[in-house]
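What the coordinates show
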Amino acid sequence: MADISLSAATPVVPRRRFRWSTVVDHAILITGALIMFLPLLILVQTASTPDVETMKYGPGLYFGDQLDDNFRKALFEASGFSGENTGLAMFKNSMILGLGFAFGKIIIGMMAAYAIVYFRLRFATFAFWLIFTTLLLPLEVRILPSYEITQKLGLLNSYTGLIVPLIASATATFFFRQFFRSVPEELVEAARIDGAGPVKFFIDILVPLSQTMIAAMFIIMFVYGWNQYLWPTMVTTEEGMYTLVRGIKQIVQVLQGGNEIPEYGRANVLAIIAVLPPVAIVIFFQSWFVKGLTESDK
Amino acid sequence: MKRAGFASRWLPILLLVPQLSIILVFFYWPAAYAVKSSFYLQDPFGFGQTFVGLENYASLSKSAEYFKVTNFTVIFTVLVTFFSLALALLLAVKADKVIRGARTYRTLLMWVYAVAPPVAGFMGLLLFNQRWGPLTEFFGSLGWDFNLRADYFDTAFAMVVVSVWKQVPVNFIFFLSGLQSIPKSVREAALIDNRSASGRFWDVTFPLLAPTGFFLLIINITYALFDTFGVIDTLVQGEPGNNPMTLVYKVYVDGFRGNDLGGSSAQSVVLMVLVLALTVFQFRMVEKRIHYT
């Protein structure tokens, strides 16, 4: 019987005895957490030391005093040739991409899901298949033709060209379809008896009901949009249109070449700014985010 | 559709128009365009194109380089998928078990989900820096002269390490939520039946996690095939040279840099078929899974 109280699966055991297995568990978890965290720490450390020191010795053990100076450089001084890609401008573009993508995807997805779930449509099955086939092929497999078409439409270096092609997949639509189907049918009947039309039902009942789902979707989509790399690399060639994540490509190339001292401090600060907003959102809205992520596959 | 639906005629069409028009222009058109271009040979100077039938596919199947890239992609995908799943499962089982600090561990182990792959690659550049990278120094002390970008194997190693680091958190989140959804009664029953913790894990917990694991398997394969682009591009600093690359990276290099639209499109089509096969396989397995539970 002693074995039963050994397990942590029964947390009701009143006295907690010291056990080696618990120590091992914590040791594994702490090691994991450290491995996750150390690269970020090195990034911050090198961002706070003078570039000459980083170039000679690499990451050290102590934080330097250059962090605010590097932050100022990264935010307000441009790194390219045109003078347009300051950290602040890239931050703005990243925000537009993240927010535009998240809002666009959620609004379009909710509308389509509402039409599919709540209306009698003659070509409903056809529309359904047309939409859900897009779940099968990620943008990466049709990246070049997508680029050619965006170019033909004259959308290179525009926010529309940056955001809209990324929206062309039905992940949000699928997610909301699943959710709408779980909403009790009595609600529609009650609404109809009370004389509510489809628009009123959608805005006054369905949208408020979906609040948590919308929040969860929003976090996932914002992070996804913000972190896009390949597509922005292709469609934005003007430095003024760069996002932070796309800017990483330029930073890497700048670090590589030339005899001058590479600007590690500034580059690292840009990387930190590129990481901070999505990480903060995921940490602060953890429970919504986890719920949305793990329920989207059902 | 719900039984109690609305009968409006124009409203649903209006609601579907934005979604349908976007996917027609930016999904079906490019997909069809890729299939069509794969049968043509693009003039390198932009003067039209000639129909060549299956020639692009034929030269692809004969290309030694394409074979090498495919080979690397398979090995890379297997390694990344295996290690990110295994490490995440280990961490999730431990995080599910500990009583103290469970929430803190969850936060500390999942935040990397939000790090963009190229930024992860950028951190990799610091860690594997030729002169002073902490990992390079560590390997050096073990007698391994680590050489990122100069040595094929070392570069591949760095790509796998960074890609796994980036993917573990996603798997961790799914495994942890899978573990937490196992009913208490099942755990208690297992506790009575089976005395050893590892026995309980393999006989009860692991099979119950199988659906999550299978779903994650597909997610991870897709990740290794497509989303690692940023990691790879950053680690080779935009200049692939003789370094390893994945199939998607080659599509980009051949089509965007090399201007070989036909060859690149043929590669795209091959990838599309691959992903479709994967998805069909997934759906069939999911159907089976529903029968059992």
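A separate point is the overall build of chain B. When you go through chain B residue by residue, the secondary structure sums to 12 helices and 2 strands. Each helix and strand of chain B, placed in order from N terminus to C terminus, yields the pattern α-β-β-α-α-α-α-α-α-α-α-α-α-α. Over its C-alpha atoms, taken along the principal directions, chain B stretches across nearly 75 × 75 × 30 Å. Burial statistics for chain B: of 293 residues in total, 42% are counted as buried. Taking the contacts inside chain B whose residues are at least 6 apart along the sequence as the reference set, 68% of them involve residues at least 24 apart.

The next point concerns the overall build of chain A. In terms of regular secondary structure, chain A is built from 16 helices and 0 strands. A compact globule built from 298 residues should have a C-alpha radius of gyration of about 19 Å, whereas chain A, at 25 Å, is more than 25% larger. For chain A, with 298 residues in total, the buried portion stands at 45%. Long-range pairs, those at least 24 residues apart, make up 74% of the contacts in chain A between residues at least 6 apart in sequence.

Contacts between the two partners involve 81 residues from chain A, matched on the other side by 84 residues from chain B. Examining the composition of the side of chain A that touches chain B, we find that 12 residues originate from one element, helix α2 (residues 20-48) of chain A, more than from any other. When the residues that make up the side of chain A that touches chain B are grouped by side-chain class, the tally is 57 nonpolar, 14 polar and 10 charged.

For an interface, size is often stated in terms of accessible area lost upon the parts coming together. Residue and element names in this part refer to chain A. Here chain A is partitioned into domain 1 (16-65) and domain 2 (87-295). Between domain 1 and domain 2, the C-alpha centre-to-centre distance is 33 Å. Between domain 1 and domain 2, the residue contacts involve 8 residues of the former and 9 residues of the latter. Going through the elements one at a time, α2 and α3 (51-57) are the ones with two or more residues in the side of domain 1 that touches domain 2.

Once that is clear, we can look at unusual backbone geometry. Even without glycine at this site, Asn157(A) takes up a positive phi of about 55 degrees. Structurally, the position occupied by Asn157(A) is in the loop between α7 (143-152) and α8 (159-167). Although it is not a glycine, Gln237(B) adopts a positive phi angle of roughly 50 degrees. Examined against the element boundaries, Gln237(B) turns out to sit in the loop between α10 (229-235) and α11 (247-257).

Now for the packing of helix α16 (residues 286-295) of chain A against helix α7 (residues 152-180) of chain B. Contact geometry of α16(A) with α7(B) gives a least axis separation of 10 Å together with a crossing angle of 85 degrees. Compared by their axis directions, α16(A) and α7(B) come out roughly perpendicular. Here Val290(A), Leu293(A) and Thr294(A) of α16(A) come into contact with α7(B), specifically with Ile173(B), Phe174(B) and Ser177(B). In terms of residue class, the contact of α16(A) with α7(B) is built from 4 nonpolar, 2 polar and no charged.

Time to look at the nonpolar core. Formed by 156 residues in total, the largest nonpolar core has its most connected members in Met217(A), Ile219(A), Ala271(A), Val119(B) and Phe172(B). With 17 residues, the single largest contributor to this core is helix α5 (residues 87-118) of chain A. Split by domain, the residues of this core number at least three in each of domain 1 (16-65) and domain 2 (87-295) of chain A. In this view, Met217(A) contacts Ile106(A), Ala172(A), Phe175(A) and Gly292(A); residues no more than four positions away in its chain are not counted.

Next up on the list: the packing of α7(A) against helix α1 (residues 10-37) of chain B. Packing of α7(A) against α1(B) brings their axes to within 8 Å, and their N-to-C directions diverge by 115 degrees. The orientation of α7(A) with respect to α1(B), classified from their angle, is roughly perpendicular. As for the relative orientation of α7(A) and α1(B), their crossing is right-handed in sense. Two secondary-structure elements touch here, α7(A) through Pro145(A), Ser146(A), Glu148(A) and Ile149(A) and α1(B) through Phe26(B), Trp29(B), Pro30(B), Tyr33(B), Ala34(B) and Ser37(B). Of the residues that constitute the contact of α7(A) with α1(B), the class distribution is 7 nonpolar, 2 polar and 1 charged.

All right, on to α11(B) then. Residues and elements named next belong to chain B. Burial of α11 is extensive: 8 of the 11 residues sit out of reach of the surface. The complete set of buried residues in α11 reads Leu247, Val248, Tyr249, Lys250, Val251, Tyr252, Asp254 and Gly255. Downstream of α11 by one or two residues, Asn259 has phi in the positive range, about 60 degrees.

Rules used throughout
- Residues numbered from 1 in each chain as written.
- Chains lettered and ligands numbered in written order.
- Predicted model: local features only at pLDDT ≥ 70, side-chain atom pairs only at ≥ 80, totals over all residues.
- Helix = DSSP H or I, 4+ residues; strand = E, 2+ residues; numbered from the N terminus.
- Buried ≥ 20, exposed ≤ 12 C-beta atoms within 10 Å, placed from the backbone.
- Contact = placed C-beta atoms within 7 Å.
- Rg over C-alpha atoms; globule rule 2.2 N^0.38 Å.
- Nonpolar A, V, L, I, M, F, W, Y, C, P; charged D, E, K, R; others polar.
- Domains from an automatic or database assignment.
- Axes fitted to C-alpha atoms, helices over the stretch in contact; angles between N-to-C directions.
- Parallel < 35°, antiparallel > 145°, perpendicular 65-115°, else oblique.
- Core = buried A, V, L, I, M, F, W, Y, C linked by C-beta atoms within 7 Å.
- Left-handed = near helix turned anticlockwise from the far one by under 90°.

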